[in-house]
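Chain and residue survey
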Amino acid sequence: MARPGSGLLVPKNGVGYPPQNLARVVVWEWLNEHGRWRPYSAAVCHHIENVLKGDARGSVVLGQVDAQLSPYIIDLQSMHQFRQDTGTMRPVQRNFYEPSSAPGKGVVWEWENDNGSWTPYDMEICVTIQNAYEKQHPWLDLISLGFCYLIDFNSMSQTNRQSQRKRRLRRRMDLAYPLIMGSIPKSQSWPVGASSGQPCSCQQCILVNSTRAASNAILASQRRKLHTGTAGNSGGTGTHTTVRQSNTFAGTSLWSPTSDSSGTNNNNISVGGGQSKAEQVKSPLSSANFHSSPVMPSLSSSHGHHTLTINRQNNLNRPGTQRISMGTTRGAIPPGVPALPVKNLTGSGPVHPALAGLPVCLTRAPKPILHPPPINKSDMKPVPGVNGMRRKTKKKHLKRGKNPEDVVRRYTEKIKVVQDEDCTICMERLVMSSGYEGVLQQKGIKPELVGKLGKCGHMYHLLCLVAMYNNGNKDGSLQCPTCKTIYGEKTGTQPPGKMEYHVIPHSLPGYSDSKTIRIVYGIPAGIQTNEHPNPGKKFSARGFPRHCYLPDNEKGRKVLKLLIMAWDRRLIFTIGTSSTTGESDTVVWNEIHHKTEFGSNLTGHGYPDPNYLDNVLTELSAQGVGEDNLKD
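Note that this is a predicted model, so its numbers are computed, not measured. (Residues numbered from 1 in each chain as written. Predicted model: local features only at pLDDT ≥ 70, side-chain atom pairs only at ≥ 80, totals over all residues. Heavy atoms only, no water.)

Observations regarding the overall build of the protein
- Of the regular secondary structure elements, the protein holds ten helices and 33 strands.
- Here the protein, with 632 residues, has 52% of them falling under the buried criterion.
- Across the protein, contacts joining residues at least 24 apart in sequence account for 67% of those joining residues at least 6 apart.
- Carbon and sulfur atoms make up 52% of the accessible area of the protein, which totals about 28800 Å². (Helix = DSSP H or I, 4+ residues; strand = E, 2+ residues; numbered from the N terminus. Buried < 20%, exposed > 50% of the residue type's maximum accessible area, 1.4 Å probe, protein only. Contact = heavy atoms within 4.5 Å. Areas by Shrake-Rupley, 256 points an atom, 1.4 Å probe, with all protein chains shown as cover.)

Some thoughts on the packing of helix α9 (residues 554–568) against helix α10 (residues 612–622)
- The geometry of α9 relative to α10 is characterised by a closest axis approach of 10 Å and an angle of 25° between their N-to-C directions. As the angle between them shows, α9 and α10 are arranged roughly parallel. Considering the relative orientation of α9 and α10, their crossing is left-handed. Taken together, the residues of α10 that come into contact with α9 (itself represented by Lys555, Gly556, Lys558, Val559, Leu562, Leu563 and Ala566) are Leu613, Asp614, Val616, Leu617 and Leu620.
- Taken together, the residues of the contact of α9 with α10 sort by class into eight nonpolar, one polar and three charged. (Axes fitted to C-alpha atoms, helices over the stretch in contact; angles between N-to-C directions. Parallel < 35°, antiparallel > 145°, perpendicular 65-115°, else oblique. Left-handed = near helix turned anticlockwise from the far one by under 90°. Nonpolar A, V, L, I, M, F, W, Y, C, P; charged D, E, K, R; others polar.)

Side note on the environment of Thr393
- As for its position among the elements, Thr393 is in the loop between β21 (390–392) and α7 (404–411).
- Expressed as a C-alpha distance, the spacing of Thr393 and Met499, which sit 106 residues apart in the sequence, is 8.6 Å.

Here we look at α9
- Given a rise of 1.5 Å per residue, 15 residues ought to cover 21 Å, and the 21 Å separating the end C-alpha atoms of α9 matches this to within 8%.
- Check the buried side of α9 and you find it contacts β21, β27 (498–504), β28 (516–522), β31 (546–551), β32 (573–576) and α10.
- Arg570, located one to two residues past α9, shows a positive phi value of around 65°. (Expected span 1.5 Å × (residues − 1).)

Focus: the sheet that holds β31
- Pairing in this open sheet of four strands is antiparallel, and the strands run β21-β27-β28-β31 from one edge to the other. In this open sheet, the two strands that pair with only one neighbour each are β21 and β31. Each strand axis lies, on average, 15° off the axis of its neighbour in the sheet, ignoring direction.
- Pairing geometry for β28 and β31, over six bridges, is antiparallel. Across the sheet, residue Ile517 finds its bridge partner in β31, namely Leu550. (Pairing = 2+ DSSP bridges.)

Here's the deal with the packing of aromatic side chains
- Tallied over the full model, the rule gives twelve aromatic pairs.
- One aromatic cluster is present, built from ring pairs that chain together Tyr521, Phe544, Trp567, Phe573 and Trp589.
- Cation over ring: Lys455 sits above Tyr487, and NZ or CZ is 5.4 Å from the ring centre.
- The ring centre of Phe544 lies 4.3 Å from the NZ or CZ of Arg546, which sits over that ring. (Phe/Tyr/Trp six-rings, centres within 6.5 Å; stacked < 30°, edge-to-face > 60°. Lys NZ or Arg CZ within 6 Å of the ring centre and 35° of its normal.)

Notes on unusual backbone geometry
- Put simply, Phe544 and Pro545 share a cis peptide bond, and its omega is 0°.
- Structurally, the position occupied by Pro545 is in the loop between β30 (538–539) and β31.
- With omega at 5°, the peptide bond leading from Tyr607 into Pro608 counts as cis.
- Topologically, Pro608 is positioned in the loop between β33 (586–589) and α10.
- Residues other than glycine seldom take positive phi values, yet Met79 does so here, at roughly 55°.
- Judged by its relative accessible area of 2%, Met79 falls in the buried class.

A closer look at the side chain of Gln130
- Of note, Gln130 is situated in helix α3 (residues 123–134).
- Given the relative accessible area of 1%, Gln130 is considered buried.
- At a separation of 3.1 Å, a polar atom in the side chain of Gln130 contacts the side chain of Arg171.
- If we ignore the near neighbours within four places in the chain, the residues touching Gln130 are Ala102, Val107, Trp109 and Arg171. (Polar contact = N/O pair within 3.5 Å; in protein donor to acceptor, adjacent residues only side chain to side chain.)

Remarks on the packing of α7 against helix α8 (residues 462–470)
- Where α7 meets α8, the closest approach of the two axes is 9 Å, and the angle between their N-to-C directions is 120°. Comparing their axes, α8 and α7 come out oblique. For α7 against α8, the interelement crossing comes out right-handed. Judged by residue contacts, Pro404, Val407 and Val408 of α7 engage Leu462, Leu465, Val466, Tyr469 and Asn470 from α8.
- A per-class count over the contact of α7 with α8 returns seven nonpolar, one polar and no charged.

With respect to the pairing of strand β7 (residues 107–112)
- Burial runs high along β7: six of the six residues are buried.
- Where burial is concerned, the two faces of β7 agree: the one with Val107, Trp109 and Trp111 and the one with Val108, Glu110 and Glu112 are both buried.
- Strand direction decides the pairing type here: β7 and strand β12 (residues 166–173), joined by five bridges, are antiparallel. Its bridge partner lying in β12, Val108 is registered against Arg172.
- Looking at chain direction, β7 and strand β8 (residues 118–120) are connected through three bridges and run antiparallel. For Trp111, the partnering residue across the bridge sits in β8 and is Thr119.
- With antiparallel pairing between neighbouring strands as the criterion, β7 and β8 make up a hairpin whose turn holds five residues, including Gly116 at a positive phi of roughly 85°.

As for the sheet that holds strand β23 (residues 450–453)
- Pairing within the open sheet is antiparallel, and its three strands lie in the order β22-β23-β24. In this open sheet, the two strands that pair with only one neighbour each are β22 (412–414) and β24 (459–461). The sheet shows a mean angle of 35° between the axes of neighbouring strands, taken without regard to direction.
- Judged from the three bridges that link them, β23 and β24 form a sheet pairing that is antiparallel. For Gly451, the partnering residue across the bridge sits in β24 and is Tyr460.
- Each of β22 and β23 is contacted by α7, which is oriented at about 85° to β22, the strand it contacts most.

Here is the structure:
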């Protein structure tokens with residue numbers, strides 16, 4: 001059913017960019033903690049584009065178009081999304097797709113989660129599914145996009161290849177995403193510079209970032225080899241390889257011509273194109289290992305030609321997409337045999353051997369060592385310097401602060417002479433009335449009143465600060481939306497549960513001279529309260545008890561003490577949407593990274609990781625749990 005060479009959509013003129021008058025659909029996306037870009041809705045993207053036309057360095061208040069996004073603001077200058085109530089910052093990017101693709105037509109593909117609600121696919125997966133649907137393919141294999149799912153269009157279902165679990169999926173029509181004309185700007189994601197911030201430096205995020213950068217460097221090397229030694233072999237009978245370079249970390253990327261590979265009798269489809277009887281290969285960069293969704297290889301054969309494609313059906317979605325072709329005699333990899341990861345030249349992360357031009361090891365990939373050997377209860381000892389071995393949060397929630405007006409007045413002082421600058425909450429000038437005038441009415445606070453926060457000195461409309469407080473946890477604390485300075489004691493919305501901690505007689509990789517602190521979190525499923533996203537609705541608690549590990553040394557014990565404090569303040573977990581499974585109304589981590597892999601670091605959640613303890617101390621400090629809170 002697949003058309004010959006359907007995965008090789010490469011311009012033949014070899015120009016550096018698509019035509020300058022080419023129309024493109026704009027999709028704004030945010031990066032979750034697992035390296036996956038999640039799209040905003042079409043309505044939100046229209047709103048962002050409208051603000052962008054007026055002020056390319058301004059801020060976008062997402063709550064103006066979607067009430068569920070009211071805590072979020074996008075800073076267009078640094079290209080980050082900021083959550084006002086928690087201080088969480090995430091990179092955003094402005095992505096481009098063809099007008100004929102799913103976002104250009106307003107088509108949304110979704111899968112049904114455990115709660116019976118619908119979760120949209122990542123945009124590039126949505127585009128791929130729509131392409132196969134329009135070509136009337138009966139099914140679609142998503143393994144080459146990093147997911148072990150089979151899409152069946154006849155039954156409109158998604159099947160997990162490993163567990164054989166089926167879920168319903170649906171196709172619905174929504175507002176089309178905004179359309180732009182003219183030249184396409186470079187990607188603005190991951191801004192670099194002191195004023196724009198840096199991406200997360202934890203090991204699991206570094207894995208995702210370094211892999212992309214390493215892959216781009218390897219592709220550049222292969223391109224040089226192509227022009228010097230293998231240009232004349234592209235028409236041979238060996239393997240024809242098509243690869244994709246991401247422009248997330250690269251600068252300007254060019255389009256290079258490539259020879260086409262045709263075949264006949266094509267009667268199925270593999271994502272990214274290919275020929276008949278597609279044989280799938282599981283990459284070490286799968287989402288199961290790295291909690292991200294990098295492109296996966298698909299190996300196909302027809303009439304003596306082998307095509308290793310690492311691309312998408314819609315190759316023109318991103319302006320930085322590049323294709324290179326090279327002749328090689330590498331044999332086919334047997335189906336279902338994963339390849340071992342190899343280090344790149346800098347040793348900063350694993351890349352697929354096929355990308356690096358290295359021999360592929362046909363042995364089973366090692367499994368992560370998540371837990372230590374069995375331990376008797378008598379071998380579990382208290383942590384030196386830490387009282388007790390467990391903490392428990394009660395169903396009676398922490399005492400809330402006073403009314404919003406009292407909280408705002410406690411941490412601010414009125415300003416009589418107001419400077420002519422923007423209030424970064426409502427984006428109105430401080431000399432004007434608050435943007436919440438008429439929307440929010442608070443006795444004793446006039447919309448034109450301006451206050452200055454005591455520690456950092458940043459100024460806002462008092463009514464805007466009240467609105468921000470009402471939008472958060474209402475725990476009696478404030479957090480400056482500009483510098484994230486916390487006023488008061490910040491608490492979270494973690495459900496009731498228990499935290500246990502003890503020393504076990506085993507060592508972590510990289511800490512052979514120390515024993516190990518094991519933390520065990522336990523949270524049962526329950527009913528959401530007024531402080532949660534959907535009060536009165538059930539929430540799930542997957543993966544509990546969760547086991548985490550720290551070295552039993554001075555710094556490890558310091559981290560444990562602060563984690564206990566964060567637990568008491570209900571900051572370790574929250575209720576939201578899982579970035580791994582897409583399930584909503586479930587217990588998820590709350591921006592404080594934990595190491596859940598005991599004896600290895602295959603997933604990025606283990607040891608050795610020499611920077612982890614310093615990184616988690618920084619994350620705890622950002623939540624208002626700093627070393628200055630510890631008693632001597």
